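# Chain and residue survey
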Amino acid sequence: MTETTKKIRTRFAPSPTGFLHVGGLRTALFAYLWAKHNGGDFLLRIEDTDQARFIDGAIEKLVSVLTGMGIVYDEGVVVESGEILDKGDHGPYLQSNRLEIYQKYSKELVEAGHAYYCFCDEQRLTELRKEQEALKQPTRYDRKCRSLSKEEVQNNFDNAMAYVIRQAIPEEGQTTIHDLVYGDIVWENKLLDDQVLMKSDGFPTYHLAVVIDDHLMEISHVIRGEEWIPSTPKHILLYKSFGWEQPQFAHLPLLLNKDRSKLSKRQGDVSVEDFLAKGYLKEALINFVALLGWNPKTDQEIFNLQELIEQFELSKVNKSGPIFDIEKLDWFNNLYIRKMSNAEIVTAVLPFLKADGLIVDELQSKNGKKITQEFLESIIEIEKERMKKFSEIGERTAYFFEQPKYNPELLIWKKANLVQTKENLSNLIDFIQNLSDSDFNSVLEIETKVKEFIAQNNLDNGSVLWPLRVALSGLEKSPSPFELLYVLFIGYGKFEILQRIEIALKLLT
Ligand code: GLU
């Protein structure tokens, strides 16, 4: 096979940290899109060589979040009936199951002179680091063991001394990364550290494992975060030492906060699970994340996964760090919410209404009243234009499920007085009592009736509509009084409406 016809194969290679950071989702998505755009394969490899950081259940969680987001991989670690298994013929895909492979290849490197055994203990390395720090020199290994003779090494083995294997970085020359996003980046070899490749516990470091695995798994494009650029020259040197063709590299710019600081893992609220739990839609998250660094160079902003696959190009990834703008995510989410039917949204918000204690079970509100599907859908109808995420439902609509509590002063419109307000509310009671059920058929019909009432009595809109709206919602800002009348009528009938206005009147007395 020539290089141009080589199958495009990409991978996502997370460490199992227990959650998927949005930055990780972006990396996985771009790698997935690039593979699928080219009719290639996308793999999931789990990099769990740091045994100290092992977290129970982390792999299962990662697999379920990733596939739940629609990022389906062709090969990799899968979970079937609670068991962690491999799918594909380039496995194992869990690095801790590949230890023999790393051992074999690290020995080959030592034999060929590209790596060496190092017996320096922690104490010596700490002292070395302190000395270098005191002299303001870069901290790195001083290559003491690089010149050990075969006999000295054997002698140390015989004495059962602990050892690591280090990469023998060339002392001269340069290593160039031809990065598909950042262009050519040149490194002086003399600035590179003799990296540990195999640790004393028999586990490889990331650097060795990533190179061996990407090679054996026939990865054509290594797509990963910008933070791995400084490691890449060492990887390239390893490819050369093994005599392997290197993959193409595409590093993705780090996600930034609005103040351009790094969007860290510690800032909270940056895991995909958190976003989903707050009621963000996966379609909105994917659309939003796709545009973090990738610029389609058209006016199109709304993309589903299929459109992303069709249009994604690595050459259109920018090197400047994209701002993670939560307001933009809210905007996307609102857009995708509005595409859903009212019934679908009701299903999505029910768990939040229950968690907020506003709905006790499927059929009953907090204050013991019967709740119908029609009522819930009518609430959604008047709220969905404004709803940014499902978790907002409680704070937005609590007053539909319980008598609102508010400061009575709020009932008095800025250009009205107490006497007027009481009079208007009391006249509204008479007026609403005389309406027939059919007057509540639509928001428009009820609006027409109320406006007739205002005109016939020579009143002004504000002094009637303001207290009416507050009496029904208890809020300074809410949907219009006509929408409230319409929805409350569907929910509970006229009685509830009259009761709320009577309570308002009492509060003013
Ligand atoms: N295990 C590394 C990580 O957690 C993978 C880096 C790479 O893709 O090479 O990000």
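The structure contained in this document is the topic of the report that follows.

Rules used in this analysis
- Residues numbered from 1 in each chain as written.
- Predicted model: local features only at pLDDT ≥ 70, side-chain atom pairs only at ≥ 80, totals over all residues.
- Heavy atoms only, no water.
- Patch = residues over 30% accessible without salt bridge, like charges linked within 9 Å, V, L, I, M, F, W, Y side chains within 5 Å.
- Areas by Shrake-Rupley, 256 points an atom, 1.4 Å probe, with all protein chains shown as cover.
- Salt bridge = Lys/Arg side-chain N within 4 Å of Asp/Glu carboxyl O.
- Lys, Arg positive; Asp, Glu negative; His and termini not counted.
- Charge placed at Lys NZ, Arg CZ, Asp CG, Glu CD.
- Helix = DSSP H or I, 4+ residues; strand = E, 2+ residues; numbered from the N terminus.
- Buried < 20%, exposed > 50% of the residue type's maximum accessible area, 1.4 Å probe, protein only.
- Phe/Tyr/Trp six-rings, centres within 6.5 Å; stacked < 30°, edge-to-face > 60°.
- Lys NZ or Arg CZ within 6 Å of the ring centre and 35° of its normal.
- Pairing = 2+ DSSP bridges.

A cluster of acidic residues, Asp121, Glu122, Glu127 and Glu131, forms a negative patch at the surface. Along the polypeptide, glutamate 131 turns up in helix H4 (residues 122-134). The exposed category is assigned to glutamate 131, whose relative accessible area is 51%.

Under the defined criterion, the tally for this structure stands at 24 aromatic pairs. Residues tryptophan 294 and phenylalanine 312 carry aromatic rings whose centres are separated by 5.7 Å and whose planes lie at 40° to one another, so their mutual orientation is tilted. Within this pair, whereas tryptophan 294 is found in the loop between helix H9 (282-290) and helix H10 (305-311), its partner phenylalanine 312 is found in the loop between H10 and helix H11 (326-338), the two being separated by 18 residues in sequence. Judged on exposure class, the residue tryptophan 294 and its partner phenylalanine 312 are both buried. Within the aromatic cluster, the residues linked to one another by ring pairs are Phe30, Trp34, Trp294, Phe303 and Phe312. Above the face of the tyrosine 141 ring, arginine 166 is positioned so that its terminal group lies 3.8 Å from the ring centre.

The next subject is the pattern of salt bridges. The tally for this structure, following the rule as stated, stands at 26 salt bridges. Across the pair arginine 11 and aspartate 214 runs a salt bridge, and its minimum N-O distance is 2.9 Å. Residue arginine 11 is found in strand E1 (residues 9-12), and its partner aspartate 214 is found in helix H6 (residues 206-216); the two are separated by 203 residues along the sequence. Judged on exposure class, the residue arginine 11 and its partner aspartate 214 are both buried. For lysine 451, the salt bridge goes to glutamate 447, with nearest N and O atoms at 2.8 Å. With lysine 451 and glutamate 447 both in helix H16 (residues 443-456), this residue pair falls four residues apart, about one helical turn. The exposure class assigned to lysine 451 is partly exposed, which follows from its relative accessible area of 36%.

A two-sided burial pattern is seen for strand E6 (residues 164-167), the buried positions comprising Val164 and Arg166 on one face and Ile165 and Gln167 on the other. In terms of strand pairing, strand E5 (residues 115-118) meets E6 through four bridges, oriented antiparallel. For tyrosine 117, the partnering residue across the bridge sits in E6 and is isoleucine 165.

This next bit is on unusual backbone geometry. Residues glycine 91 and proline 92 are joined by a peptide bond in cis, for which omega reads -5°. Along the chain, proline 92 falls in the loop between strand E4 (83-87) and helix H3 (99-111). One non-glycine residue, arginine 143, lies in positive phi territory at about 70°.

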